[in-house]
Amino acid sequence: MGEDVEALERRLPLIEYLRQCNWKGSSVGRSEFVGLCPLHEETQPSFYVNTRKDVFYCHGCGQGGDLIRFVQLSRHLSFRQSLACFDPQTTSEDGSRAVLEQAAAFYRQQLDDYPEALSYLNQRGVHDPTLIRELEIGYAPGGCLRRHLTAQGHSFDLLRQVGLLNGNGPDAFYQRIVFPLRQGQHVVNLYGRSIGAAFAHRFLPGSKGGLYAWEKVRHRPEVIVVEGLFDYAALRQAGFDNVTCSLGTHLNADQFLQLCDGPRTVYLTFDADANQSGQQAAEQLAHRLEAHGVAARRVLLPQGHDPNSFFVQGGDARQFQSLVEGAQP
Ligand SMILES: [Zn+2]
């Protein structure tokens, strides 16, 4: 067991796992990052990650430890269960794909039955029924997925391993708008946006896959990259069809290679947040892309805006287009 943990931690550093979970940390010093704690609700960052020692510590809730400890705490699993989550042998790819597909279908069926979900979508400016269907947007009310999927013959262990259930049984997604993430034909993950105050962004454990809906745009000479799926939806609805989404500001290796796989100009349109983290990430990414021979421009939104809020608060396609045209190298 001891060796397994070491091998795992060499393969997957804690910071990489956290980024896969959409954690945003700002660099403080050579080997330290700080951000909001994924283990307790807070508004001031007190969760530190030391990349040299590969450990975390939160000054808010006092929790700390390594990758496995983090998985135990965040997913309410035992040590053994946490380790099993990273073992490719324990879940067959076909089994987990099938169950994710059915979970996505179930969530899709729920959407129209929950006015709070539709009103959240509306509040985020997503109202085009054709687009909602195309993106397969669903709703996880919480508390009913387990019964549905076990009735279809999926085992409790499988549901827990793919992360649809927490360690002791409840649904992992509770009151969340759900977007399935596909790679080719297969659902590889689900993104859940809380409609309440609880931790805003959640993914299931495991890879987010490549860029969102990349197949639709990979042959376009100009591609707009946004960091969130609500940004994506807002731009699509405004008529921009050359958009993809990186699901966070840190691109994984697959996503980066996709952007580099042919000649194109990439317009990075990350959030213009007060702490500049979106703009810093865009700047670094632009440099890396240029170093790989890909033209990159940074689209500067008005301070405090992301592409979603830009449109929700009255921005229109023409105004956005002029920001794209004024994008900086
Ligand atoms: Zn904490």
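For the structure itself, consult the block above.
**Things to note about the coordination of the zinc ion**
Geometry sets the ideal angles at a metal, namely 109.5 degrees for four tetrahedral donors and 90 or 180 degrees for six octahedral donors.
So, point 1. Around the zinc ion, the donor atoms from the protein are C37 (SG), H40 (ND1), C58 (SG) and C61 (SG), and they sit 2.1 to 2.3 Å away.
So, point 2. In this structure, the zinc ion is surrounded by four donor atoms whose angles at the metal cover 99 to 124°, and the resulting shape is tetrahedral.
So, point 3. Read from N- to C-terminus, the donor residues coordinating the zinc ion fall into the pattern C-x2-H-x17-C-x2-C. Here C61 lies in the loop between strand 4 (55-58) and strand 5 (64-65) and H40 lies in the loop between strand 2 (32-35) and strand 3 (47-50), a separation of 21 residues in the sequence.
So, point 4. A relative accessible area of 21% places H40 in the partly exposed class.
So, point 5. We classify C61 as partly exposed; its relative accessible area is 31%.

**Overview of the pairing of strand 13 (residues 295-298)**
Moving residue by residue along a regular strand, the side chains alternate between the two faces of the sheet.
So, point 1. Judged by which residues are buried, strand 13 turns out to be one-sided: A296 and R298 face inward and are buried, whereas A295 and R297, on the alternate face, are not.
So, point 2. Bridging between strand 12 (residues 265-269) and strand 13 involves four bridges; their strand directions are parallel. When the bridges of strand 13 are listed, L268 appears paired with R298.
So, point 3. Considered for its hand, the β-α-β crossover made up of strand 12, helix 13 (residues 277-291) and strand 13 is right-handed.

**Overview of empty space enclosed by the protein**
So, point 1. Going through the model one piece at a time under the given rule, you end up with two cavities of 30 Å³ or more.
So, point 2. Each pocket or cavity is described by its volume, and for the largest cavity that value is around 50 Å³.
So, point 3. Taken together, R19, N22, W23, K24, K208, L247, G248, T249 and H250 form the lining of the largest cavity.
So, point 4. A breakdown of the residues in the lining of the largest cavity according to their chemical character gives two nonpolar, four polar and three charged.
So, point 5. Of the volumes computed, that of the second largest cavity is approximately 30 Å³.
So, point 6. Together, L181, R182, K208, G209, G210, L211, Y212 and L247 line the second largest cavity.
So, point 7. For the lining of the second largest cavity, the per-class residue count stands at four nonpolar, two polar and two charged.

**Here we look at the packing of aromatic side chains**
So, point 1. Within the structure shown, the criterion is met by 16 aromatic pairs.
So, point 2. For the pair Y17 and F70, a centre-to-centre distance of 6.2 Å together with 70° between the ring planes defines the contact as edge-to-face. Linking Y17 in helix 2 (residues 14-20) with F70 in helix 3 (residues 67-75), this pair joins segments that are 53 residues apart in sequence. For the pair formed by Y17 and F70, the shared burial category is buried.
So, point 3. Look at Y120 and F230: their rings are 5.8 Å apart centre to centre, the planes differ by 85°, and that puts the pair in the edge-to-face class. Highlighted residues: Y120 in helix 6 (residues 115-123) and F230 in helix 11 (residues 229-237), separated in sequence by 110 residues. Across the pair, F230 and Y120 agree in class, each one buried.
So, point 4. Here the aromatic cluster, defined as three or more aromatic residues joined through ring pairs, consists of Y17, W23, F47, F56 and F70.

**Some details on the pattern of salt bridges**
So, point 1. The tally for this structure, following the rule as stated, stands at twelve salt bridges.
So, point 2. Where E215 meets R218, a salt bridge forms, and the shortest distance between an N and an O atom there is 3.7 Å.
So, point 3. The exposed category is assigned to E215, whose relative accessible area is 57%.
So, point 4. Take R218: its relative accessible area is 30%, and that puts it in the partly exposed class.
So, point 5. The residue R220 makes a salt bridge to D241 at a minimum N-O spacing of 3.2 Å. With R220 in the loop between helix 10 (214-217) and strand 10 (222-226) and D241 in the loop between helix 11 and strand 11 (243-245), this pair connects stretches of sequence that are 21 residues apart.
So, point 6. A relative accessible area of 30% places R220 in the partly exposed class.
So, point 7. Connected via shared salt-bridge partners are E101, R108, E136 and R182.

**Overview of helix 13**
So, point 1. Taking 1.5 Å of rise per residue, the 15 residues of helix 13 would be expected to cover 21 Å, and the 21 Å separating its terminal C-alpha atoms lies within 8% of that figure.
So, point 2. Among all positions of helix 13, only G278, Q279, A281, A282, L285, A286 and L289 are buried. An end-on view of helix 13 places all buried positions within 155° of arc, on one side of the element. Opposite the buried face of helix 13, by more than 90 degrees, sit the exposed residues Q284, H287 and A291.
So, point 3. For helix 13, the secondary structure elements touched by its buried residues are helix 12 (253-259), strand 12 and strand 13.
So, point 4. Following helix 13 by one or two positions, G293 adopts a phi angle in the positive range, close to 80°.

**Examining the sheet that holds strand 13**
So, point 1. Taken in spatial order, the four strands of this open sheet run 11-10-12-13, and their pairing is parallel. Taken across any chain shown, the strands that pair with only one partner, and hence form the sheet edges, are strand 11 and strand 13. Recorded for the sheet is a direction-independent mean angle of 30° between the axes of neighbouring strands.
So, point 2. Along the sheet face, helix 11 touches strand 10 and strand 11 and points at about 170° away from the line of strand 11.
So, point 3. Sheet strands touched by helix 13: strand 12 and strand 13. Its angle to strand 13, the strand with the most contacts, is close to 165°.

The rules behind these values
- Residues numbered from 1 in each chain as written.
- Predicted model: local features only at pLDDT ≥ 70, side-chain atom pairs only at ≥ 80, totals over all residues.
- Heavy atoms only, no water.
- Donors = N, O, S within 2.8 Å, 3.2 Å for Na, K, Ca; no water.
- Tetrahedral: all angles 85-135°; square planar, octahedral: opposite > 155°, others 65-115°.
- Helix = DSSP H or I, 4+ residues; strand = E, 2+ residues; numbered from the N terminus.
- Buried < 20%, exposed > 50% of the residue type's maximum accessible area, 1.4 Å probe, protein only.
- Pairing = 2+ DSSP bridges.
- Right-handed = clockwise from strand over helix to strand, strands pointing away.
- 1 Å grid on protein atoms, 1.4 Å probe; cavity = no way out; pocket = protein on both sides within 12 Å on 5 of 7 lines; lining within 4 Å.
- Points joined across faces, edges and corners; volume = space filled by probe spheres on them.
- Nonpolar A, V, L, I, M, F, W, Y, C, P; charged D, E, K, R; others polar.
- Phe/Tyr/Trp six-rings, centres within 6.5 Å; stacked < 30°, edge-to-face > 60°.
- Salt bridge = Lys/Arg side-chain N within 4 Å of Asp/Glu carboxyl O.
- Expected span 1.5 Å × (residues − 1).
- Arc of directions from axis to C-beta.
- Contact = heavy atoms within 4.5 Å.
- Axes fitted to C-alpha atoms, helices over the stretch in contact; angles between N-to-C directions.

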